[in-house]
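Residues per chain, in single letters:
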Amino acid sequence: MRLPGRLSAAIEVLTDVETRKRPVSEALKAWGLNNRFAGSGDRAGIGNMVYDVLRRRASHAWAMGTDDPRALVLSVAVREWGETVEGLNAAFAGDNFAPAPITEEEAARLAADDPLAGAPDYVKADIPDWAGPSLDYLGDWVAEGRAMTERPPVDLRVNTLKSTPEKVKKALSRFTPADTFAANGLRMFAGGKDARTPNVQSDEGYIKGWFEVQDLGSQAVSVLAGAKPGEQVLDLCAGGGGKTLAMAADMGNRGQIFAYDSERARLAPIYDRLKRNGVRNVQVRAPEAGALDDLAGKIDRVLIDAPCTGTGTWRRRPDTKWKLSAEQVAVRIGEQAALLVEGATYVKAGGHLVYVTCSLLADENRNQIERFLAEHADFKAVPGEALWSAAFGEAAGTPYFGPEGGVTLTPHRTGTDGFYVCVMRRG
Ligand SMILES: C[S@@+](CC[C@H](N)C(=O)[O-])C[C@H]1O[C@@H](n2cnc3c(N)ncnc32)[C@H](O)[C@@H]1O
């Protein structure tokens, strides 16, 4: 496929996402199944265009005076991918799969010198209009929003139970992985335009369990969770086990992690992942009545990687940015508050409760912790700044340290997905 056909396909997928309210990954998959002639390069190019549009949907819509998928795709093609109106029209003329020629009005919009003139800050930040005040505590929320519109890198966590950063770097040298502020993290930066994402999961090293794909922010909060060899740890919202695996490696397979999740289907991938990673100190507890009763008051460290709105992952899942409703936020807040109360019951005296979200909303982070601490006088927050500098030193970006003791990572501040972590000690 040539570029015109790929642009038409991106318009089709975006229309499908909008009209059928489908998740973008599903719409892209469906397009691939219905168009089997398209190769992997085509699918990558179309996917990149669709995601680029969604990351900057508000600013491109402002520039074009409409949020019609065709206008948004043309705007990204010209303003981000470096195409010209003349070049596109020439290419469209000779291609049966091309979109209709660019109109004069569209051409004028695409040529505007200051396409965001008069735009409100939330449009410049490419976030929903309600979100600015919620991110205000971070300082420059327009810069925070803009950083969330960049293509995310691929981050790996080296599994120290089976490998070393040097060994993984050598095995993946064709992708030139770079070091990160986390000692076991490696990063591959995203390419531009139709560049393909490195397919590291088909690499021999991945199959052998030398590394996992895990955002650097997720790695960092796993380190800050502070699991030590020999401890009894409960991962109360273990899901597919991303943080369970990271903690097991930090514990050197010594001690015990109980991995639990209320959704059997979420937990399902953990079994294969534990095997591939060579993890031997995890006991998976399936969601059955009383599954955790025997752990009450006995655990050194309880991790609550809480269900959340995922606002910290907007650069990876930009479609969710435009769909989040106040009702969804309220549901998550209720679940998180209940999990904090439940998680506390498993912590032994002198043990720690660790609360994590991949959200940047104060209501899911600081406000939850402040309410919990006000109602649980036996818990005290461990200051996040001290935890951070002990783990990563001064050179590791500048997270936001909240007055309640929490640490907030953001694409703008730490070059990671957005994450929040607060470690609390039971007195
Ligand atoms: C952010 S995800 C966990 C991700 C996982 N820890 C990882 O690192 O890959 C949150 C998880 O919490 C689970 N969950 C939601 N409510 C729960 C509850 N009341 N008890 C236990 N798990 C719950 C969800 O099923 C979901 O898998």
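Worth saying up front: this structure is predicted, and the values here are computed from it rather than measured. (Residues numbered from 1 in each chain as written. Predicted model: local features only at pLDDT ≥ 70, side-chain atom pairs only at ≥ 80, totals over all residues. Heavy atoms only, no water.)

1. Considerations on the state of the cysteines
Inspection of every chain in the model, using the stated rule, returns zero disulfides. The closest cysteine sulfur to the non-disulfide-bonded C237 is located on C308, 10 Å from its own sulfur. On the basis of relative accessibility, which here comes to 13%, the residue C237 falls in the buried class. (Disulfide = S-S within 2.5 Å. Buried < 20%, exposed > 50% of the residue type's maximum accessible area, 1.4 Å probe, protein only.)

2. Here's the deal with the pattern of salt bridges
For the structure shown, the criterion picks out 35 salt bridges. The closest approach of N and O atoms between R70 and E106, which form a salt bridge, is 2.8 Å. In this pair, R70 is assigned in helix α5 (residues 69-79) and E106 in helix α7 (residues 104-111), connecting sequence segments 36 residues apart. Grouping residues by exposure puts R70 and E106 together as buried. (Salt bridge = Lys/Arg side-chain N within 4 Å of Asp/Glu carboxyl O. Helix = DSSP H or I, 4+ residues; strand = E, 2+ residues; numbered from the N terminus.)

3. Regarding the UniProt feature "domain: SAM-dependent MTase RsmB/NOP-type" (unreviewed entry) in the chain
The UniProt entry lists residues 144-427 under the feature "domain: SAM-dependent MTase RsmB/NOP-type" (unreviewed entry), expressed in the numbering used here. Secondary structure across residues 144-427 divides into 33% helix and 21% strand, with the first and last C-alpha atoms of the span separated by 36 Å. (UniProt positions renumbered as here; feature names shortened; annotations may be inferred.)

4. With respect to empty space enclosed by the protein
Scanning the entire structure with this criterion turns up two cavities of 30 Å³ or more. If you add up the space inside the largest cavity, you get close to 50 Å³. Residue lining of the largest cavity: Y137, A362, N365, R366, Y400, G402, E404, T408 and Y420, and that is the complete set. The class makeup of the residues in the lining of the largest cavity is four nonpolar, three polar and two charged. If you add up the space inside the second largest cavity, you get close to 30 Å³. (1 Å grid on protein atoms, 1.4 Å probe; cavity = no way out; pocket = protein on both sides within 12 Å on 5 of 7 lines; lining within 4 Å. Points joined across faces, edges and corners; volume = space filled by probe spheres on them. Nonpolar A, V, L, I, M, F, W, Y, C, P; charged D, E, K, R; others polar.)

5. Notes on the side chain of T313
With respect to the element layout, T313 can be found in the loop between β8 (299-305) and α17 (318-321). A polar contact is formed between the side chain of T313 and the backbone oxygen of G310, at a distance of 2.8 Å. (Polar contact = N/O pair within 3.5 Å; in protein donor to acceptor, adjacent residues only side chain to side chain.)

6. A look at the layout of surface pockets
In this model, the second largest pocket occupies a volume close to 220 Å³. Together, 13 residues line the second largest pocket, and V17, E18, L54, R57 and K323 are the ones closest to its centre. Looking at the lining of the second largest pocket, the elements that each hand over two or more residues are α1 (3-20), α3 (40-55) and α5. Broken down by class, the residue content of the lining of the second largest pocket amounts to seven nonpolar, no polar and six charged. Counting residues domain by domain, the lining of the second largest pocket receives three or more from each of domain 1 (3-119) and domain 3 (216-426). (Domains from an automatic or database assignment.)

7. Details of helix α18 (residues 326-346)
Taking 1.5 Å as the rise per residue, α18 with 21 residues should run 30 Å; its terminal C-alpha atoms sit 31 Å apart, in good agreement. If you check which residues of α18 are buried, you get V329, I333, Q336, L339, L340, G343, A344 and Y346. Seen end-on, α18 carries its buried residues on one side only, within an arc spanning 140 degrees. (Expected span 1.5 Å × (residues − 1). Arc of directions from axis to C-beta.)

8. Quick word on the packing of helix α13 (residues 216-225) against helix α20 (residues 384-392)
The interhelical angle for the contact between α13 and α20, taken along N-to-C directions, is 105 degrees, at an axis separation of 10 Å. Put simply, α13 runs roughly perpendicular to α20. Only L387, W388, A391 and F392 of α20 make contact with α13, whose side of the interface consists of A220, V223 and L224. Along the lines of polarity and charge, the residues of the contact of α13 with α20 split into seven nonpolar, no polar and no charged. (Axes fitted to C-alpha atoms, helices over the stretch in contact; angles between N-to-C directions. Parallel < 35°, antiparallel > 145°, perpendicular 65-115°, else oblique. Contact = heavy atoms within 4.5 Å.)

9. Quick word on unusual backbone geometry
You will see that K21, though not glycine, has its phi angle at about 50 degrees, which is positive. You can see K21 is positioned in the loop between α1 and α2 (24-34). Taking the relative accessible area as the measure of exposure, K21 reaches 67% and is therefore exposed. Phi at T176 takes a positive value of approximately 40 degrees, unusual for a residue other than glycine. Structurally, T176 can be placed in the loop between α11 (165-171) and β2 (178-179). On the basis of relative accessibility, which here comes to 62%, the residue T176 falls in the exposed class.

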